Amino acid sequence: MHEIGFGLLEILTLATVATGLCWLLAFGMRKRLAGRRPLWVRWGAELFVVLGLVLAGRVALADWQQVPTGSMEPTVRVGDYLLVNKLAYGPRLPFTNTALELGQPQRGDVVVFRYPLDVSVFYVKRLVGLPGDVVRYRAGAVSVNGQPFQVALEPAPDRRPEDAGQVFVHEQAAGNERTIKVDATRPGGHVPPQAWLDDPQHCRVESVQAWTCTVPDGTFLMMGDNRDNSADSRVWGFLDRREVYGKAIRVLVNLHEPRRSWTRL
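Notes on the structure follow. (Residues numbered from 1 in each chain as written. Predicted model: local features only at pLDDT ≥ 70, side-chain atom pairs only at ≥ 80, totals over all residues. Heavy atoms only, no water.)

The tally for this structure, following the rule as stated, stands at one disulfide. There is a disulfide in this structure between Cys203 and Cys213, and the S-S distance comes to 2.1 Å. Residues Cys203 and Cys213 are joined by a disulfide whose S-S torsion is about 115°; by sign, that bridge is right-handed. Note that Cys203 is positioned in strand S10 (residues 203-207) and Cys213 in strand S11 (residues 210-214), a separation of ten residues in sequence. (Disulfide = S-S within 2.5 Å. Helix = DSSP H or I, 4+ residues; strand = E, 2+ residues; numbered from the N terminus.)

Note: S10 against S11, four bridges, orientation antiparallel. Opposite Cys203, over in S11, you have Cys213 as the bridge partner. Two successive antiparallel strands, S10 and S11, enclose a turn made up of two residues. (Pairing = 2+ DSSP bridges.)

The description of an aromatic ring pair rests on the distance of the ring centres and on the angle between the ring planes. Throughout the structure, instances matching the rule amount to eight aromatic pairs. Both rings, one in Tyr115 and one in Trp236, keep their centres 6.3 Å apart while their planes meet at 80°; by these two values the pair is edge-to-face. Taken together, the residues span a long stretch of sequence, with Tyr115 in the loop between strand S3 (110-114) and strand S4 (122-129) and Trp236 in helix H5 (residues 233-236) at a distance of 121 residues. Trp236 matches Tyr115 in its accessibility class, with the two residues each being buried. Look at Trp196 and Phe238: their rings are 4.7 Å apart centre to centre, the planes differ by 35°, and that puts the pair in the tilted class. Of this pair, Trp196 sits in helix H4 (residues 194-197) while Phe238 sits in the loop between H5 and strand S13 (239-240); the two residues are 42 residues apart in sequence, bridging distant segments of the chain. We note that Trp196, like Phe238, is buried. By way of ring pairs, the aromatic residues Phe113, Tyr115, Tyr123 and Trp236 are connected into one cluster. (Phe/Tyr/Trp six-rings, centres within 6.5 Å; stacked < 30°, edge-to-face > 60°. Buried < 20%, exposed > 50% of the residue type's maximum accessible area, 1.4 Å probe, protein only.)

This part is about the environment of Gln166. Mapped onto the elements of the fold, Gln166 is located in strand S8 (residues 166-173). Residue Gln166 is classed as buried on the basis of its relative accessible area of 16%. Considered as a pair, Gln166 and Pro187 are 21 residues apart in the sequence and their alpha carbons are 8.6 Å apart. For Gln166, the contacting residues outside a window of four places in its chain are Arg159, Lys181, Val182, Asp183, Ala184 and Asn226. (Contact = heavy atoms within 4.5 Å.)

In a structure, side chains of opposite charge can pair up when their charged atoms sit close to one another. Evaluation of the coordinates by the stated rule reveals 17 salt bridges. For Glu257, the salt bridge is made with Arg160, and the minimal N-O distance between the two is 2.6 Å. Of this pair, Glu257 sits in the loop between strand S14 (244-254) and strand S15 (263-264) while Arg160 sits in the loop between strand S7 (150-154) and S8, and the two are 97 residues apart along the sequence. On the basis of relative accessibility, which here comes to 17%, the residue Glu257 falls in the buried class. The exposure class of Arg160 is buried, given its relative accessible area of 12%. Put simply, Glu73, Arg77, Glu162, Asp163 and Lys181 are held in one network by salt bridges that share partners. (Salt bridge = Lys/Arg side-chain N within 4 Å of Asp/Glu carboxyl O.)

It is worth spelling out the sheet that holds strand S9 (residues 176-183) at this point. Taken in spatial order, the three strands line up as S7-S8-S9 in an open sheet, and their pairing is antiparallel. Each of the sheet's edge strands pairs with one partner strand only, and the pair in question is S7 and S9. Adjacent strand axes in the sheet meet at a mean angle of 30°, parallel and antiparallel pairs treated alike. With eight bridges connecting them, S8 and S9 associate as antiparallel partners. Residue pairing in the sheet places Val167 in a bridge with Val182 of S9. (Axes fitted to C-alpha atoms, helices over the stretch in contact; angles between N-to-C directions.)

The next thing to look at is the side chain of Lys181. Checked against the element boundaries, Lys181 lands in strand S9. At 2.6 Å, the side chain of Lys181 forms a polar contact with the side chain of Glu73. With residues near it in sequence (within four places) discarded, Lys181 still touches Glu73, Pro74, Arg77, Glu162, Asp163, Gln166, Val167, Phe168, Asp225, Asn226, Arg227 and Asp228. (Polar contact = N/O pair within 3.5 Å; in protein donor to acceptor, adjacent residues only side chain to side chain.)

One key point about sheets: their strands pair by backbone hydrogen bonds, in either a parallel or an antiparallel sense. Pairing within the open sheet is antiparallel, and its four strands lie in the order S6-S5-S11-S10. Where the open sheet ends on each side, the last strands, each with one partner, are strand S6 (141-144) and S10. Each strand of the sheet is rotated relative to its neighbour by a mean of 15°, with strand direction disregarded.

Have a look at this one:
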């Protein structure tokens, strides 16, 4: 059974419904109220329009998510609020796993989705493999559909304490470029691919640092850019298409680092 999550969108929907009922009740009792504004009118009916507009925007247009971990470093840093374009793939209806499909995720997209092991939690990872893709992994780098590995060490102009013992690598795969982060002494060797060991039909594991997977229909292979510190598809498996929430396109704001605001991903 495909589980339906209960998150902020569902809470906002219930709040909108509750205040909408207050608004209807206040409208029906307007003569009896005779200009009086009890608490349920002030905080219920009058919030309905505000909540309705916020709900409409979050369902149909855009959303924002805060990043709590460093699994997508250096692309996304802890504390970033991400602007999520929900029109990129199509908005999901509250209390359902039904999306109004407007587009398809592409390789290289930074995707926000419901964590498969707890669908009330949102994760953000990079889409590495589409259905049918053959993804090879060697020492932290990926190659798609037999293309040669294209990686090069990259200088780190913004090195931070959390980058100690790590190196930045410029990776190009399937026409997409990004900067990833790997351990300097054992690159790509710190996240055991347990999900691949449990799925020999689609994956062949040679070691922690070397494996090959064919992505099944209706799913995606997701990985963090911080390849040695990311709980991603290697841990919990391929991502079901129905769990996709939206495409992260920019850092909206970071309250601790204002200069990161409006950075394109």
